[in-house]
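Structural description and commentary
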Amino acid sequence: MKLLSLLFCLIIHYSVALNLDYLDPSVLQTKTSADTQQRAAISIISNYIDPNRFTVTIEPLLFRNHKDVFFLRTSDNQLHIKATTGVAAVWAFGYYLKKYCKSQIAWQVRRIAIPDPLPDVDETVEASDRLRYYQNVCTASYSFVWWNYDNWKAHLEWMALNGINLALTPVAQEAVWDRIYRKLGMTDEEINDHFTGPAFLSWMRMGNLHGWGGPLPRSWHDRQQLIQEIVFSMFELGMIPVLPAFNGHVPKAFLRLYPNVSFYEVERWNKFGPDYCCGSFINPREPLFIEIGEMFLREITEQGVSNIYTADPFNEIQVQPWSTNLVRDTANAIYSTITKFDNKAVWLVQNWMFVHNPIQWPLQRVKSFLTAVPKGRMLVLDLQSEQWPQFDLYQMYYGQPFIWCMLHNFGGTLGMFGNVNTINEDVYEVRNRVNSTMIGIGLTPEGINQNYVVYDLMLETAWRKKPIENLEDWVAEYAERRYGCNATSGAWVYLLRSVYNFNGLNPIRGKYVITRRPSFRINPWAWYKSSDLFTAFKKFVYAASSGCDSPGFFHDLVDVTRQALQYRADQLYLDILDNRFNNFGPFNASIVRFIDLMNDLEIILATNKDFSLSTWLEAARDASNGYSFWTELNARNQITLWGPNGEISDYACKQWAEMFHYYYTPRWSMFLSLALDATVRNEVFIESQAQKIVRSSVEERFLSINIDPMESNDTKLIAPILYEKWGLVSGLKELPMSIIRPNPLKRTTLADLEFTERESRPIVEQLFSTTLTDSIV
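Residues numbered from 1 in each chain as written. Predicted model: local features only at pLDDT ≥ 70, side-chain atom pairs only at ≥ 80, totals over all residues. Heavy atoms only, no water.

Observations regarding the overall build of the protein
When helices and strands are counted, the protein shows 29 helices and 18 strands. In terms of overall size, the protein behaves like a compact globule, its C-alpha atoms giving a radius of gyration of 26 Å where 777 residues would be expected to give roughly 28 Å. Overall size of the protein, expressed as C-alpha extent along the three principal axes, is 75 × 75 × 70 Å. Residue pairs at least 24 apart in sequence account for 78% of intrachain contacts in the protein once pairs closer than 6 positions are excluded. Taking the average place of the 72 positive charges on the side chains of the protein and the average place of its 83 negative ones, the gap between the two points comes to 3 Å. (Helix = DSSP H or I, 4+ residues; strand = E, 2+ residues; numbered from the N terminus. Rg over C-alpha atoms; globule rule 2.2 N^0.38 Å. Contact = heavy atoms within 4.5 Å. Lys, Arg positive; Asp, Glu negative; His and termini not counted. Charge placed at Lys NZ, Arg CZ, Asp CG, Glu CD.)

Structure (C-alpha cells):
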C-alpha cells in the first residue's frame, strides 16, 4: 500500500499538462505547397539516383499523431516514395540507401552503391517524435564559420537525408544589426568596436564578448546574405528554420544613445578584459527591449516566418543585479517581443545556462524563468542529455516541452569517444514515460566532423521504437555501409568496448596531453583498457589489405591510428614524470621517445586531408574577399589561444598534421628541453617561466608564421609501420581509469543546499566533475 501511495505521489509530482498546439509539424512543415516540396525533394534525390528510377509523392494528410510518415515501395525496378513532407521524402531515400543499399552519406565521406535492379522494399516508417533538431549555437563558429553557399547546400542535403526537420538557420545576423545600429545613430567606430571577427561571432551574439578578432567588413555581410538563401531551401523542403531573436544584449554605445534608459552590467566572462568584455544588457522592463527586438525580427524574417525563434540571454554569464526577478522579467520580455511580432511564436532555448553554473540557478529561479512563458510556447533543448540530463531535476521543465539532445563534442576537438549504450537506452525510456514532455531528439555538437558513428546511431532513434538489441551487429553493419567491406567488424567490436563505452560524468573536452599547454601537472586518464584499443588498431591495419579501400575506411584508419598514438603519448608522458627526477639518461630517453611519437602523429595525419590544418586555413582565405590576414588570424587564434591572452587556450584544439608540426610538437619540445637543461645544470625548474617562453616563442608566433601543407604519404603504408612501432611497447603504465559514475541522488542545483559559494566549490567539483572556472564555451 505504501508503495502504491508513493507511486501515486510521484505521478502527481511529475504530472504536467502538455500544450503542443503551437508545435504541430503538420502546420509548421506545410507552409509551402505539396508541389513545391515535391520538386525540392526530387531535386535532392536526383543528385544520387537517375530521376527515371524513382517517384515522389507528397501528401500532408498522411501525418500520424502530428509526426512525419513515409512509405517506400519498389515495382518494375523503380522506387516509389510517398511522404508527408519534402524533408520526409528525402529522409525516406536516405533510409533506403542505408538499410537496403548499404550506403552512407556522412559529414566528410560518402559511399553510395545503388544496385540494379533496385533492392525490393515495401515499408512504412513513422517518425518517433514530432521534431528532429540539429545544431548548437556554437557550431556556427567552430565548424560552419568559413562555409560558402555550396557547403551549406550540401549540408542541407545531409540534414534532409537524415530527417532533420528543425534547425538553426545560416542567416546574416550581423548584417541586420549593422543596419539597425546605423539607423539608431551608432558610428562606424562604435560598430567596429562591437563586432567580433567571424570565428567568435557565436559569443558576441550571446553577450559574452565584443570586438575580439573584428571588425567585420561589408564584404563579410554580403557573403552571409548570399548564404542566407539556404533558408528558402529549408522552407521548400518543409523543414522548420529556427530564426534568431533579440536576447537583450546590446553594444556599450547604447549607453550614449539612450542616456535615460537603464542598462545592466554584464559580468566578466572567461578572463577577458574590458577591451573585449562585455556589452550591456537592457533592463527587460524598459520599452526599448521590445522595440529593439521587433526591429530585429522585422528584418531577419524577410525569407519567411517560421514561428520558432531562439534566444539565449544568460549563456555562462551573470547580469547585475542578478536576481530571480531579473530572469523572470527577461523571459517575459523575450516572449512578449516574439509574440507581439508573431502571435504563433515559440521560443527555443538551450538549457546550458542552468547546467553551466548551478549555484547561480537554484530550482525556484529556473522554475520562475521557465514558467514566465505559457506552457507550449517555449521549447527547451536539454542540451547534453547523454551525460547531464536535466529533465528530471526540473520536473520535465515544469510543463514545457523539451528535446532530448546529444551534445557529445565541445569545441570541434578530435578524439574517439561516446556513450552508445546511453543513446541506445535512455532516449526510448524517457520518450515512453507516462508524463514525459519530450517531443523530439536532437544533435547539438559544438563542432562536427568527428565520431560520426555516435551521431549516426543517435539519428536512428528518430525512427526506431525500441533499443537496438545487439550493438555489435549494428556497428558491423555501420562499418560495411561506410567501407563497402566487412573486414572490420571485429575491430569495431573492440572500439565499442573501449572508446565508445564511456559512461561517466567527467568532462571530455579533447584536451589530451599532446594538445595541452606543456606542464608537469597534467593528470591523464582513460575509461577503457588500452588492450581493447590496440586490438582494434591491429585489426584495422590488417583490414587495409582485405579490399577495404573506400574514403571512409581510410579516414577511420587514420583516426584509429591517431587515437592509439594519442593514448601512447599519455603513457609516455607518465614515463617522463617518473624519470624527471632521475639522472640525465632516463629523463632524456623518455623525452626523445615522446617527441618521436608526436612526429609520427604528424606523419599519419598528413596522409588524409580531413586531418589537415591547410583545409581550415584555405577556407578562411576563401572567405576573406581580400582580407586574408584578418580571417587567418581568426582561424589560427580560435584553435590555439582563443583570445588575445590565451583566455580559453586549447579549448578548440585540433589534432591536424600541421598543428603538430608548427604548434604542439614545438611547444612540448621547447618546454621539455628547458626542463632537461635545468636537470643538467642542477637548477630548479620553474614551470611558469618555461611556459612564458613557450608562449612567446611558439604560441604567439604561430599566429603569423608561414604554414606549408605537409607532404602526404599512403595511409595503407604508414599505419602498419606505426602499429609495428607503437602497438607493443613494454614498460609503460596503463592510464588510470578515473571515471566519475552518475548518481541520480546527487543531481541537484547546489544553490538549493545551505552552503556558501566557497563551501560549495569542492562539492560542485565532486558532483558535477568540473570546477566553476572550467568554462564550457
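Quick word on helix H4 (residues 86–101)
Across its 16 residues, H4 extends 21 Å between first and last C-alpha, which sits within 8% of the 22 Å expected from 1.5 Å per residue. Within H4, 14 of the 16 residues are buried, which leaves the element mostly enclosed by the surrounding structure. Directly after H4, the chain includes Lys102, whose backbone phi takes a positive value near 50 degrees. (Expected span 1.5 Å × (residues − 1). Buried < 20%, exposed > 50% of the residue type's maximum accessible area, 1.4 Å probe, protein only.)

Overview of the pattern of salt bridges
Pairing is possible between side chains that carry opposite charge, provided their charged atoms lie close to one another. The tally for this structure, following the rule as stated, stands at 37 salt bridges. Residue Asp650 pairs with Arg667 through a salt bridge whose shortest N-O separation is 3.0 Å. One end of the pair, Asp650, is in the loop between helix H25 (628–638) and helix H26 (657–680); the other, Arg667, is in helix H26, with 17 residues separating them in the sequence. A salt bridge links Arg681 to Asp677, with the shortest nitrogen-to-oxygen separation between them at 2.9 Å. Assessed through its relative accessible area of 53%, Arg681 is described here as exposed. Salt bridges sharing partners connect three or more residues here, namely Lys98, Asp456, Glu460, Arg464 and Arg481. (Salt bridge = Lys/Arg side-chain N within 4 Å of Asp/Glu carboxyl O.)

Some words on the state of the cysteines
Tallying each qualifying case throughout the model produces 2 disulfides. Here Cys277 engages in a disulfide with Cys278; their sulfurs sit 1.8 Å apart. Cys278 gets classed as buried once you look at its relative accessible area, which sits at 3%. In this model, Cys485 is linked to Cys548 through a disulfide, with the two sulfur atoms separated by 1.8 Å. Residues Cys485 and Cys548 are joined through a disulfide that is right-handed, its torsion about the S-S bond being 100 degrees. Highlighted residues: Cys485 in the loop between helix H19 (471–483) and helix H20 (489–497) and Cys548 in the loop between helix H21 (530–543) and helix H22 (551–579), separated in sequence by 63 residues. Taking the relative accessible area as the measure of exposure, Cys548 reaches 0% and is therefore buried. Each bonded cysteine of the protein is numbered by sequence order, and under that numbering the disulfide pairs are 1-2, 3-4. Free cysteine Cys101: the closest other cysteine sulfur is in Cys485, separated by 18 Å. (Disulfide = S-S within 2.5 Å.)

A few points about the packing of H22 against helix H23 (residues 584–605)
Contact pair H22 / H23: the axes reach a minimum separation of 9 Å and the direction vectors enclose 165 degrees. The orientation of H22 with respect to H23, classified from their angle, is roughly antiparallel. In this structure, the crossing between H22 and H23 has a hand that is left-handed. Contacts between H22 and H23 involve Val558, Thr561, Arg562, Leu565, Arg568, Ala569, Leu572, Tyr573, Asp575, Ile576 and Asn579 from the first element and Pro586, Phe587, Ser590, Ile591, Arg593, Phe594, Leu597, Asp600, Leu601, Ile604 and Leu605 from the second. (Axes fitted to C-alpha atoms, helices over the stretch in contact; angles between N-to-C directions. Parallel < 35°, antiparallel > 145°, perpendicular 65-115°, else oblique. Left-handed = near helix turned anticlockwise from the far one by under 90°.)

Some remarks on unusual backbone geometry
In the segment running from Cys277 into Cys278, the intervening peptide bond is cis, with an omega of -5 degrees. Cis geometry marks the peptide bond from Gln320 to Pro321; its omega dihedral reads 5 degrees. Within the secondary structure, Pro321 is located in the loop between strand S14 (319–320) and helix H14 (324–341). Notably, Asn625 is not glycine yet its phi reads approximately 50 degrees, a positive angle. Inspection of the secondary structure puts Asn625 in the loop between helix H24 (613–622) and H25. For Trp642, which is not glycine, the phi torsion reads 50 degrees and is therefore positive. Summarising the element assignment, Trp642 is placed in the loop between H25 and H26.

Quick word on the environment of Glu699
Inspection of the secondary structure puts Glu699 in helix H27 (residues 687–699). Glu699 sits 50 residues away from Ser649 along the chain, and the two C-alpha atoms are 9.8 Å apart. When near neighbours in sequence (up to four residues on either side) are disregarded, Glu699 contacts Arg517, Leu641, Tyr663, Arg667 and Val694. Separated by 3.1 Å, the side chains of Glu699 and Arg517 make a polar contact. (Polar contact = N/O pair within 3.5 Å; in protein donor to acceptor, adjacent residues only side chain to side chain.)

Quick look at the confidence of the model for the protein
With 94% of its residues at a pLDDT of 70 or more, the protein has an overall mean of 93. Long-range and interchain partners of residues 1–15, a stretch whose pLDDT sits below 50, account for 6 contacts in this model, where long-range means more than four residues apart. Here residues 751–777 is a poorly scored stretch, pLDDT under 50, and it has 64 contacts once near neighbours within four places are set aside; other chains count. (pLDDT = per-residue confidence, 0-100.)

Section: the side chain of Glu647
Examined against the element boundaries, Glu647 turns out to sit in the loop between H25 and H26. With no salt bridge to any partner, buried Glu647 finds its closest opposite charge in Arg268, at an N-O distance of 6.8 Å. At 2.9 Å, the side chain of Glu647 and the backbone nitrogen of Asn645 are in polar contact.

Describing the packing of aromatic side chains
Summed over the entire model, instances satisfying the criterion amount to 73 aromatic pairs. Taken together, a centroid distance of 4.9 Å and an interplanar angle of 65 degrees make the contact between Phe354 and Trp361 edge-to-face. Take Phe354 and Trp361: they sit in the same class, and that class is buried. Residue placement shows Arg377 over the ring face of Tyr22; its charged tip is 3.7 Å from the ring centre. Note that Arg568 overlies the ring of Phe534, its terminal NZ or CZ placed 3.9 Å from the centroid. (Phe/Tyr/Trp six-rings, centres within 6.5 Å; stacked < 30°, edge-to-face > 60°. Lys NZ or Arg CZ within 6 Å of the ring centre and 35° of its normal.)

Here we look at the pairing of strand S3 (residues 78–83)
Note that strand S1 (residues 54–58) and S3 share 5 bridges and pair parallel. Bridge assignment links Ile58 to a residue of S3, and that residue is Ala83. Pairing of strand S2 (residues 69–75) with S3 involves 6 bridges; the strand directions are antiparallel. Bridge assignment links Phe71 to a residue of S3, and that residue is Lys82. Linking two consecutive strands that pair antiparallel, namely S2 and S3, is a turn of 2 residues; a positive phi of about 50 degrees is found at Asp76 within it. (Pairing = 2+ DSSP bridges.)

Focus: the sheet that holds strand S10 (residues 249–250)
Read from one edge of the open sheet, 4 strands run S10-S12-S11-S14, paired in antiparallel fashion. At either margin of the open sheet sits one strand with a lone partner, and together these are S10 and S14. Here 3 bridges tie strand S11 (residues 263–266) to strand S12 (residues 280–282), and the two strands are oriented antiparallel to one another. Residue pairing for S12: Tyr264 is matched across the bridge by Phe281.

Here we look at the packing of H19 against H20
At a minimum axis distance of 9 Å, the contact between H19 and H20 shows a crossing angle of 125 degrees. Viewed along their axes, H19 and H20 adopt a mutual orientation that is oblique. Our pair here, H19 against H20, has a crossing hand that is right-handed. Residue-level inspection shows Leu471, Glu472, Val475, Ala476, Tyr478, Ala479 and Tyr483 of H19 in contact with H20, the latter providing Ser489, Trp492, Val493, Leu496 and Arg497. Split into classes, the residues belonging to the contact of H19 with H20 amount to 9 nonpolar, 1 polar and 2 charged. (Nonpolar A, V, L, I, M, F, W, Y, C, P; charged D, E, K, R; others polar.)

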